[in-house]
Amino acid sequence: MKFDLKLAQYVDWEVTNVMPIKKSWGYRVILKYMDDSQRVQQKSGFTTEKEANEARNRTIGELYAGTYIVYANVKMREFLIFWLEEDIRNRVGSMETYDAYRNIIYRHIIPEWGGRKVCDIQCEDVYHLCEEKAKTSESITRLMKTVLNTAFGYAVDKKIISENPATSVKLPKGMKKNLYHTRNIDSQKTLTTEQILKLLEASRETPIHMQILLNVLMGLRRREINGVKYSDIDYVRRTLHVERQLGR
């Protein structure tokens, strides 16, 4: 789904008086733009004139405050896919980050909230989803919280929502915060020195021997290894400068 992101860049507005609309009450919001174009948004379905006037007053207040939502009917599925492909893919510069975000969105968020409107998601929804995911994986929960906070921040900027519901949400009780620049190593999944030597010897005549060397001896990730150039190696000081990553 493509969003007309210019829709939120209105320079003036007008709100009509309350009127009968299809056996109910409602009003219209007219958004005006620099090129003299206009976009009309209809607000209807109110059962009484008083109810419609109260909603109209709230809308005027939002327009004055700059918190008026111009994309009120956008669903989470369409928004998250758009944000992932149009913002994250072009901004993060790393396929590893993109793939991680994509996995969280398609496997953990869309199945739960895909059909809900973005503007309907509240702080308690974010907390309950994190609480549910924490029962099976703390790492997924942490990344999902990051994805939601970043995505909703983008939604605020584009006037899809007025406030970020993930900002004030804390991780569920019992989950420890990750210490800065620390890593927990599972010794059961770590190769011994003997196993590493066997791996290096077995790969010696294969096309991936150099990649394995850089991985087990230097700790580089696959995309960092793919990005290494001869000019990154200082043979005098015996150092390697990791300057870039090369994805797919």
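Here, every reference points to the structure presented above.
Student: Got a sec to walk through the environment of isoleucine 161? Specific residues and values, please.
Tutor: Structurally, isoleucine 161 can be placed in the loop between helix H5 (138–157) and helix H6 (193–203). A residue is classified by how much of its surface remains accessible, and isoleucine 161, at 6% relative accessible area, is buried.

Student: Could you give an account of a nonpolar patch on the surface, with specific residues and numbers?
Tutor: Residues Tyr230, Ile233 and Tyr235 make up a contiguous nonpolar surface patch of roughly 410 Å² in combined accessible area. Turning to its location among the elements, tyrosine 230 is positioned in the loop between helix H8 (222–226) and strand S5 (233–234).

Student: Hey, could you go over helix H4 (residues 123–134) for me, with residue numbers and the actual values?
Tutor: With 12 residues, H4 should reach 16 Å at 1.5 Å per residue; the first-to-last C-alpha distance of 17 Å fits that figure. Where H4 is concerned, the buried positions are Asp125, Val126, Leu129, Cys130 and Lys133. In a view along the axis of H4, the buried residues occupy a sector of 130°, so they form one face of it. Buried residues along H4 sit in contact with helix H3 (95–113) and H5.

Student: How would you explain the state of the cysteines if you had to name every residue and give the values?
Tutor: Inspection of every chain in the model, using the stated rule, returns 0 disulfides. The closest cysteine sulfur to the non-disulfide-bonded cysteine 119 is located on cysteine 123, 14 Å from its own sulfur. The thiol sulfur of cysteine 130 is not disulfide-bonded, and the nearest other cysteine sulfur, from cysteine 123, lies at 11 Å.

Student: Quick rundown of the packing of helix H2 (residues 76–91) against H5? Include the residues and the values.
Tutor: Relative to each other, H2 and H5 sit at 95°, their axes nearing to 11 Å. Taken together, the axis directions place H2 and H5 in an arrangement best described as roughly perpendicular. Side by side, H2 and H5 meet where Met76, Phe79, Leu80, Phe82, Trp83, Asp87 and Arg91 of the first sit next to Val147, Thr150, Ala151, Phe152, Tyr154 and Ala155 of the second. Taken together, the residues of the contact of H2 with H5 sort by class into 10 nonpolar, 1 polar and 2 charged.

Student: Lay out the side chain of glutamate 224 with the relevant residues and their values.
Tutor: By the secondary structure assignment, glutamate 224 is in helix H8. Among the polar contacts listed, one links the side chain of glutamate 224 to the backbone nitrogen of arginine 221, at a separation of 2.9 Å. If sequence neighbours within four positions are ignored, glutamate 224 has contacts with Val242, Arg244 and Gln245.

Student: Hey, could you go over H5 for me, with residue numbers and the actual values?
Tutor: Taking 1.5 Å of rise per residue, the 20 residues of H5 would be expected to cover 28 Å, and the 29 Å separating its terminal C-alpha atoms lies within 8% of that figure. Looking only at H5, the buried set comprises Thr141, Arg142, Met144, Lys145, Val147, Leu148, Ala151, Phe152, Tyr154 and Ala155. Buried residues belonging to H5 abut H2, H3 and H4. Residue lysine 159 follows H5 closely and has a positive phi angle near 60°.

What counts and what doesn't
Residues numbered from 1 in each chain as written. Predicted model: local features only at pLDDT ≥ 70, side-chain atom pairs only at ≥ 80, totals over all residues. Heavy atoms only, no water. Helix = DSSP H or I, 4+ residues; strand = E, 2+ residues; numbered from the N terminus. Buried < 20%, exposed > 50% of the residue type's maximum accessible area, 1.4 Å probe, protein only. Patch = residues over 30% accessible without salt bridge, like charges linked within 9 Å, V, L, I, M, F, W, Y side chains within 5 Å. Areas by Shrake-Rupley, 256 points an atom, 1.4 Å probe, with all protein chains shown as cover. Salt bridge = Lys/Arg side-chain N within 4 Å of Asp/Glu carboxyl O. Expected span 1.5 Å × (residues − 1). Arc of directions from axis to C-beta. Contact = heavy atoms within 4.5 Å. Disulfide = S-S within 2.5 Å. Axes fitted to C-alpha atoms, helices over the stretch in contact; angles between N-to-C directions. Parallel < 35°, antiparallel > 145°, perpendicular 65-115°, else oblique. Nonpolar A, V, L, I, M, F, W, Y, C, P; charged D, E, K, R; others polar. Polar contact = N/O pair within 3.5 Å; in protein donor to acceptor, adjacent residues only side chain to side chain.

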